[in-house]
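Chain and residue survey
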Amino acid sequence: MTDTFIVVVGIIFLFWIGYSVIELFSVFPKASLLEKLGFSYGLGAGFVILQLFLYSLFHITWNIVSVLVPWFVLCFIYWLRSKHKLRKSKLNFPRKFIDKIFLFLLIGNSVYIILESLSRPLLAWDGWATFFLVAKAFFYSGNLDTSVIAYAHTSNPPGLNLLLAYFYILLRHFNDSTVLLIWPAFYISILILLYSSLRQIASQRLSLGLTLLFSLTPNLVRHGGRFDTGNADIILGYFFFFSFLLLKDFIIYRKTKTLILLNFVLGIGALIKSEGVPSLIIINSIAILYIFYKKDFSKLIVFLIGFCIVGIWQVIKVMNNLPSNPFVVNSFMWNRIPIIFSEFGKEFLNIRRWNLLWIGFVLSMFILRLKKEYLFTAAIVLLQLAVYFGVYLKTNLNPVAHIESSFDRLLLHLAPIAFYAVSVWAISFLENKKK
Amino acid sequence: MDILIKSNKIKIIVDLFIFLWILVSLARLLSYYYQFLSNDIKLFALSDSSKRQQFYGDMYPVFQLIGKSSRINTLYLLSKDGKQYFYGRYAMYPKKIYWVESLKELQESVKTNQINYLLMYHPTDFKNKQLQAYLKSHFVNYQNIYYHNSLSSVIYKKL
């Protein structure tokens, strides 16, 4: 119970770190309190990951004092400067009965996910094979121990391992059960972000209803708190969605602060899992194209942030002779195209894992509602899917076996963005019906 | 640009699609809650080690035992399945474990490494006569590990 309490406090502290940074630097002045909360957890987690990463580079000891004190100072500064603002911020609770039912069910789902994550030990193979093994080693050695990465023979970057190590530092011992609470927190944060982004284009009832629909996606539930808790995919899905919303915000308001945050989030995503690297390239490419279109070249230097975070890790990998991604070594095997299309189709039709999410996404592309926002969102999903398609064209494994064992997790990275695209389509369709 | 195809058929398809999605999701919601209240809630009554035994099976006591041993710091693992390797490698860390899948691999590893112990997980999977002969000539039975009264694993020590 003590460990559970400490982990919960640790999670709340991550929210607080992220929220303090958002408010101190006025990053989202127009965002609602709920939207800021949705961003806060990922930001807090990202800062802690970067903190332990930099501590390792500069040989600073990992202990409770060195890890927590800088954030206590930051949070204290924010609290001193913004006491009056906290009282003004409020959440808009639904007033109508059906909206209250939706909210009640959403909260019920979240509680269900939290309880599920506490009911089982770590069962995810990738958790055993990579994330928790390396995190255990990092905690025992008190730094980013590259020898265990070589021992585990993993090409995954250290982001999630560092986040887990943070919690072990708080607990002062290794506990792989209670730290699984990190995953429901990401599940809830995705729902908060989805709701608040839909709320900008739809009514409270529709936003709550759509968020509830998404919250019941079986693969999301599975990774958020059930048997696949411990894999990094839902966490990467959160950071993808976060960076997508930041990109949207940047295109509308063109603020440098947003671009800085976007690159930070993309960099953290690339430290969570290798699939974050193509996402960084895709989203930054869109942002760079936009900057050239607007001729706002002074902002180009900001892109160094994301590329530096990724670059430093790549240098460490090369210097320590760590394993590289084994699935992109071969050349493209073009004769696999029909097989891959077929396997992709099977997964899109897999209602047991996705309900009707991916069927809805494909449907929305053919029933024409050419709103710019829909096209933009769908394009990002399709570009990342194209990257995954390319990986399967190159993989040294049997492509059918590889797709069957991994594609559902890759789709989870894109599920929040894809659902947002389907929601935009559904909302504009329903609005047009009323006319 | 907002092009709307004004077709009643398309509107019916989309309405039906949204209705189906809601129906499937509601069914999921009920199944989750039913599953939790009928099965998963019982897990909270179990201790941590009982839960691990339930979900990990005989892997848990095997690697617990090796983890507590003061003599074994590294060992080979003879196992048909990667699951034991990944779990064992994780559970036993900082003790190290090296998976060998065949006699040839074991022979090569023994020549080049100073690892003195071997864990054979589910010995009934390894009845190959050549393997048995090799083990007899290079290793000695160190400990048998039983799970629910049947032999789960055997630890061998190098001669």
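Structure: see above.
First, a word on scope: everything that follows refers to the structure included in this document. Computed from a predicted structure; not experimentally measured.

Residue and element names in this part refer to chain A. A cluster of nonpolar side chains, Leu 54, Leu 57, Phe 58, Ile 60 and Ile 312, forms an exposed patch at the surface whose accessible area comes to about 420 Å². Along the polypeptide, Leu 54 turns up in helix H2 (residues 33-57). Look at Leu 54 and you get partly exposed, because its relative accessible area is 34%.

In this section: the packing of aromatic side chains. Two descriptors summarise a pair of aromatic rings, namely the distance from one centre to the other and the angle between the planes of the rings. Per the stated rule, a full pass over the model turns up 59 aromatic pairs over all chains. An angle of 55° between the planes, with centres 4.6 Å apart, marks the rings of Tyr 41 of chain A and Phe 186 of chain A as tilted. Taken together, the residues Tyr 41 of chain A in helix H2 and Phe 186 of chain A in helix H8 (residues 182-199) connect sequence positions 145 residues apart. In terms of burial, Tyr 41 of chain A and Phe 186 of chain A fall into one category: buried. Between Phe 63 of chain B and Tyr 87 of chain B, the aromatic rings sit 5.9 Å apart at their centres with planes inclined by 70°, giving edge-to-face as the arrangement. In this pair, Phe 63 of chain B sits in helix H3 (residues 59-68) while Tyr 87 of chain B sits in helix H4 (residues 82-92), placing the two residues 24 residues apart along the sequence. On the basis of relative accessibility, which here comes to 3%, the residue Tyr 87 of chain B falls in the buried class. One cation-aromatic arrangement involves Lys 136 of chain A over Phe 174 of chain A; the distance from NZ or CZ to the ring centre is 4.8 Å. Cation over ring: Arg 89 of chain B sits above Tyr 151 of chain A, and NZ or CZ is 5.8 Å from the ring centre.

One pass over the full model with this rule turns up 16 salt bridges over all chains. Arg 120 of chain A serves as the salt-bridge partner of Asp 40 of chain B, at 3.3 Å between the closest nitrogen and oxygen. With Asp 40 of chain B in the loop between helix H1 (8-38) and helix H2 (48-56) and Arg 120 of chain A in the loop between helix H4 (97-119) and helix H5 (125-141), this pair bridges two chains. Arg 120 of chain A matches Asp 40 of chain B in its accessibility class, with the two residues each being buried. Arg 52 of chain B serves as the salt-bridge partner of Asp 48 of chain B, at 2.8 Å between the closest nitrogen and oxygen. On the criterion of helical spacing, the pair formed by Asp 48 of chain B and Arg 52 of chain B is a turn pair, its members being four residues apart in helix H2. Owing to a relative accessible area of 40%, Asp 48 of chain B belongs among the partly exposed residues under this scheme. Taking the relative accessible area as the measure of exposure, Arg 52 of chain B reaches 10% and is therefore buried. By sharing partners, the salt bridges in this structure join Asp 126, Asp 233, Lys 273, Glu 275 and Arg 409 of chain A into a single network.

The rules behind the values
- Residues numbered from 1 in each chain as written.
- Chains lettered and ligands numbered in written order.
- Predicted model: local features only at pLDDT ≥ 70, side-chain atom pairs only at ≥ 80, totals over all residues.
- Heavy atoms only, no water.
- Patch = residues over 30% accessible without salt bridge, like charges linked within 9 Å, V, L, I, M, F, W, Y side chains within 5 Å.
- Areas by Shrake-Rupley, 256 points an atom, 1.4 Å probe, with all protein chains shown as cover.
- Salt bridge = Lys/Arg side-chain N within 4 Å of Asp/Glu carboxyl O.
- Helix = DSSP H or I, 4+ residues; strand = E, 2+ residues; numbered from the N terminus.
- Buried < 20%, exposed > 50% of the residue type's maximum accessible area, 1.4 Å probe, protein only.
- Phe/Tyr/Trp six-rings, centres within 6.5 Å; stacked < 30°, edge-to-face > 60°.
- Lys NZ or Arg CZ within 6 Å of the ring centre and 35° of its normal.

So yeah, pure geometry; function would need other evidence.
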